[in-house]
Amino acid sequence: MNQAVQAAPAAKRKPKETGVPENTKYLHPTLLKNYGNWRYHDRPRPGVLHHVAHSGDEVWSVRAGTQRQMDVYTIRKLCDIADNFAEGRVRFTIRSNIEYIVTDEKKVAPLIAELEKNGFPVGGTGNSVTMIAHTQGWLHCDIPGTDASGVVKALMDDLYEEFRREEMPNRVHLSTSCCEINCGGQADLAIIVQHTKPPVINHDLVANVCERPTVVARCPVAAIRPAMVNGKPSLEIDEAKCMCCGACYPPCPPMQINDPEFSKLAIWVGGKNSNARGKPTFMKMVAAGLPNNPPRWPEVGAVVKNILTVYKEDARPWERIADWIDRIGWPRFFEKTGLPFTKYLIDDWRGSRYNLNASAHIRF
């Protein structure tokens, strides 16, 4: 009896993983061998981490400052340094620094010399000012109010030596955001765009470009509502409610909020993600209305350096900026830094109670 040949089942398509890729194939062999089995680590000098495993293996990680957005020439230069002076293995930190991994202590000094000869400062470990985490700015972002990477370049030129030394009371994380959505995240000190006027609406384009219900729902204070303007579907803003956050601009570009005169920069302090010696905290604005003045932003740099200088002189060892302010209080902070306290620094929007309950500046 003839039996029908059963066709082999079709191979199932493997699912596409969109998360973090498996990192073990990129790890230095010594790191992979001793993964999760380290005895201790120390810092022989700023910018160098020394790890010792229970097996007796040792590795040295040399950290150098690099820009977040790099050209092909710079990437090739960094890779050439890894091949010629390290062991061909590198990794990038969350703050855009590059780390070279070596297992021979004799390679550390020549590696540092080569990095600094090529303009890559070694540092950013321990109680130092780290590389600034920043958003895309003019290069990639579609809604920037300023150039975040330009602000970073200007500030890190001023803070170059604080990156190379470990002389702060504790680590200082900085961030810069080119709009008020604040992709730069919480930091000890942050520079964020501050819009001071409501958006200007181009009513001729709203109906063709914007999905109006989405824009209405996007506003956190319900200041936007549908309207008919010149016989066309459009939107209108209740300027008494508007807090100039700019959240409406991404889904509706005709609601232009960026302005060369009224888009400013603000300084925020006291944010941190860790729960060491205190709970995680949100940042609080301490300087408002600073000029958005490229390419060097001197007014912003002066305020940042002033705050960091006072913090360095007055804080106790291991106090982050939020811990320092909690100890001395906000009145003393403004007194010591000489910054004016104005009405623009008061968090008075209707959802502020949630911020106040979770931030460094008040508890109830």
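Structure first, text after, so check above.
Residues numbered from 1 in each chain as written. Predicted model: local features only at pLDDT ≥ 70, side-chain atom pairs only at ≥ 80, totals over all residues. Heavy atoms only, no water.

**Some words on the sheet that holds strand 13 (residues 263–269)**
A sheet is described by the order of its strands in space; here five strands give the open sequence 6-7-8-13-14, paired in mixed fashion. Edge positions in the sheet fall to strand 6 (133–134) and strand 14 (284–290), since each of these pairs with one other strand and no more. Strand direction decides the pairing type here: strand 8 (residues 189–195) and strand 13, joined by seven bridges, are antiparallel. Across the sheet, residue Ile 192 finds its bridge partner in strand 13, namely Ala 266. Across the sheet, helix 8 (residues 298–314) is in contact with strand 8, strand 13 and strand 14; its angle to strand 13 comes to roughly 10 degrees. (Pairing = 2+ DSSP bridges. Helix = DSSP H or I, 4+ residues; strand = E, 2+ residues; numbered from the N terminus. Contact = heavy atoms within 4.5 Å. Axes fitted to C-alpha atoms, helices over the stretch in contact; angles between N-to-C directions.)

**Some words on the pairing of strand 8**
The buried fraction of strand 8 amounts to seven of the seven residues, a majority that puts the element mostly inside the structure. As paired elements, strand 7 (residues 174–177) and strand 8 share four bridges and run parallel to each other. If you follow Ser 177 over to strand 8, its bridge partner there is Ile 192. (Buried < 20%, exposed > 50% of the residue type's maximum accessible area, 1.4 Å probe, protein only.)

**So, unusual backbone geometry**
Here the bond from Pro 294 into Pro 295 is cis, since omega is 10 degrees, no more than 30 degrees from zero. Relative to the assigned elements, Pro 295 resides in the loop between strand 14 and helix 8. Positive phi outside glycine occurs at Ser 96, with the angle close to 70 degrees. With respect to the element layout, Ser 96 can be found in the loop between strand 4 (90–92) and strand 5 (97–102). Its identity is not glycine, yet Cys 244 carries a phi of approximately 60 degrees, on the positive side. Relative to the elements of secondary structure, Cys 244 occurs in the loop between strand 11 (232–237) and strand 12 (255–256). The exposure class of Cys 244 is buried, given its relative accessible area of 10%.

In short, the description is geometric, and any link to function would need to be established separately.
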